[in-house]
Amino acid sequence: MGKLVIAGFDGSDASRAAVAWAAREAPRRELPLEILQAWPWGPGRPLGTGQAERWGREQLAAQADAIRSRFPGLEVRATHVPGDAVGVLEAASDRAAVLVLGARGLGALRGFLVGSVSQQVLGSATCPVVLVRAPSDLTDGPRSDGNAERGLVVGLDLAHPCQEVLAFAFETAALRGTPLTVVHAWGPPAGTEYMHFGAIGGLEDELAEPERRALEEAVMPWLERYPDLAAATALLRGHAGLTLVDAAATAELLVIGARHRRSPVGAHLGPVAHAVIHHVRCPVAVVPYH
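Source: prediction; values computed, not measured.

### Overview of the pattern of salt bridges
Across all of its chains, the model carries 11 salt bridges by this definition. Of the charged contacts, one joins Arg212 and Glu209 as a salt bridge, the two residues approaching to 3.2 Å between their closest N and O atoms. Linking Arg212 with Glu209, this pair stays in helix H6 (residues 197-225), spanning three residues, or about one helical turn. Note on Glu209: relative accessible area 32%, which makes it partly exposed. The network of salt bridges with common partners includes Glu25, Arg28, Arg29, Glu171, Arg176 and Glu252.

Following this line, the structure appears as structure tokens:
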């Protein structure tokens, strides 16, 4: 586990929101904050980029000073690294406990516009990555900084390993002293779609029982590990992506797992994670597993 909370910074409103979120998270974890700026131009760079780089460094220094003023007890490091943003952020994930990135928003009804840099980093980072929207994108939905009473939501796919996801969710909720809801979406077994709707409804409790038992078994060791945490489980019928978006409508943070997938065009996320990060309103923590 890394020994830093790292926030990517490019001068945008979304990246400033990410830095602010990270600055609140770092003291909870008793870790320093690093504000990381990647600069893509090296030797042979285009004319005029020297002035742009000076502007970038000035913005980075000003952001670090602003955070130090707001959080006087927090150790803040400002780091400028020449290199492609994806490569710099991927490397940073190896030394981070949490990597925080900004995401441009399209409004609460349409969700995140997650750029190519964030998408690539989410598909290959080795630590949990949190996506945060700018406050201007949240005028019709919950604010990113949140209210601790809203609680955390974690989505589980019981068909895949979920210990890393549960570990991050329970630790984060405990550090915040906020309730946690563990959500698992399920659907009737294959073939039941041909049954009459009323018949399926009458059998729903029976059909859901194996899923309920599996959910309780997965969560029980974590409930025992965090006995003082207000945690509950929710077994919800429906498509996993849509169910999680609805479940996180009033959450301060949604936690999901993402299995890194390799393809000829590089690493990418699965369909549920892809749907969630594009449509959920609150910050989203994506926890990698293999």
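### Structural notes on helix H3 (residues 85-93)
Residues of H3 that are buried include every one of Val86, Val88, Leu89, Ala92 and Ser93, and no others. Angularly, the buried residues of H3 cover 165° about the axis, an arc narrow enough to put them on a single face. The opening residue of H3 is Asp84, an N-cap whose side-chain oxygen sits 3.1 Å from the backbone nitrogen of Val86.

### Looking at unusual backbone geometry
The phi torsion at Glu30 lies on the positive side, around 55°, for a residue other than glycine. Following the sequence through the fold, Glu30 ends up in the loop between helix H1 (13-29) and strand E2 (33-39).

### Let's talk about the packing of H1 against helix H5 (residues 163-176)
Any two packed helices are characterised by how steeply their axes cross, that is the angle between the axes, and by the distance between the axes. The interhelical angle for the contact between H1 and H5, taken along N-to-C directions, is 90°, at an axis separation of 10 Å. The orientation of H1 relative to H5 falls into the category roughly perpendicular. Between H1 and H5, the contacting residues are Trp21, Glu25, Arg28 and Arg29 on the first element and Phe168, Glu171, Thr172, Leu175 and Arg176 on the second. The residue inventory of the contact of H1 with H5, partitioned by class, reads three nonpolar, one polar and five charged.

### Points about the layout of surface pockets
Its volume calculated, the second largest pocket comes out at about 400 Å³. Taken together, 22 residues line the second largest pocket, and the ones lying closest to its centre are Leu156, Asp157, Gly257, Val272 and Tyr289. Residue assignment for the lining of the second largest pocket shows that the elements contributing at least two residues are strand E7 (152-156), strand E8 (180-186), helix H7 (240-247), strand E10 (253-259) and helix H8 (271-279). Per-element accounting of the lining of the second largest pocket gives the leading share, four residues, to E10. Taken together, the residues of the lining of the second largest pocket sort by class into 14 nonpolar, five polar and three charged.

### As for the side chain of Thr243
Within the element layout of this structure, Thr243 appears in helix H7. Sequence-distant contacts of Thr243, that is, excluding residues within four places in its chain, are made with Val183, Ala185, Leu236, Arg237 and Gly238.

### Points about the confidence of the model for the chain
Should pLDDT be low for a region, the predicted coordinates there are not to be read in detail. Looking at the chain, the pLDDT average stands at 82 and 78% of residues meet or exceed 70. Throughout residues 139-149 the model reports pLDDT below 50, and contacts reaching past four residues in sequence, or to other chains, amount to 23 contacts. Across residues 191-199 the pLDDT falls below 50, and counting only partners more than four positions away or on other chains, this stretch makes three contacts in the model.

### Details of the packing of H7 against H8
Running from N to C, H7 and H8 cross one another at 35°; their axes reach a closest spacing of 8 Å. Considering how the two elements wind past one another, H7 and H8 form a crossing that is right-handed. Listed contacts from H8 to Ala240, Gly241, Leu244 and Val245 of H7 are Val272, Val276 and His279.

### Brief notes about the packing of aromatic side chains
Taken as a whole, this structure holds two aromatic pairs when the rule is applied. Plain terms: the ring middles of Phe170 and Tyr226 are 5.8 Å apart, the flat faces sit at 35° to each other, and that makes the pair tilted. On the criterion of sequence distance, the pair formed by Phe170 in helix H5 and Tyr226 in the loop between H6 and strand E9 (231-237) is long-range, its members being 56 residues apart. Put simply, the rings of Phe170, Trp222 and Tyr226 touch in pairs and so form one group of aromatic residues. Stacked on the ring of Trp222, the Lys or Arg Arg225 has its end atom at 4.3 Å from the ring centre.

Thresholds, definitions, all that
- Residues numbered from 1 in each chain as written.
- Predicted model: local features only at pLDDT ≥ 70, side-chain atom pairs only at ≥ 80, totals over all residues.
- Heavy atoms only, no water.
- Salt bridge = Lys/Arg side-chain N within 4 Å of Asp/Glu carboxyl O.
- Helix = DSSP H or I, 4+ residues; strand = E, 2+ residues; numbered from the N terminus.
- Buried < 20%, exposed > 50% of the residue type's maximum accessible area, 1.4 Å probe, protein only.
- Arc of directions from axis to C-beta.
- Polar contact = N/O pair within 3.5 Å; in protein donor to acceptor, adjacent residues only side chain to side chain.
- Axes fitted to C-alpha atoms, helices over the stretch in contact; angles between N-to-C directions.
- Parallel < 35°, antiparallel > 145°, perpendicular 65-115°, else oblique.
- Contact = heavy atoms within 4.5 Å.
- Nonpolar A, V, L, I, M, F, W, Y, C, P; charged D, E, K, R; others polar.
- 1 Å grid on protein atoms, 1.4 Å probe; cavity = no way out; pocket = protein on both sides within 12 Å on 5 of 7 lines; lining within 4 Å.
- Points joined across faces, edges and corners; volume = space filled by probe spheres on them.
- pLDDT = per-residue confidence, 0-100.
- Left-handed = near helix turned anticlockwise from the far one by under 90°.
- Phe/Tyr/Trp six-rings, centres within 6.5 Å; stacked < 30°, edge-to-face > 60°.
- Lys NZ or Arg CZ within 6 Å of the ring centre and 35° of its normal.

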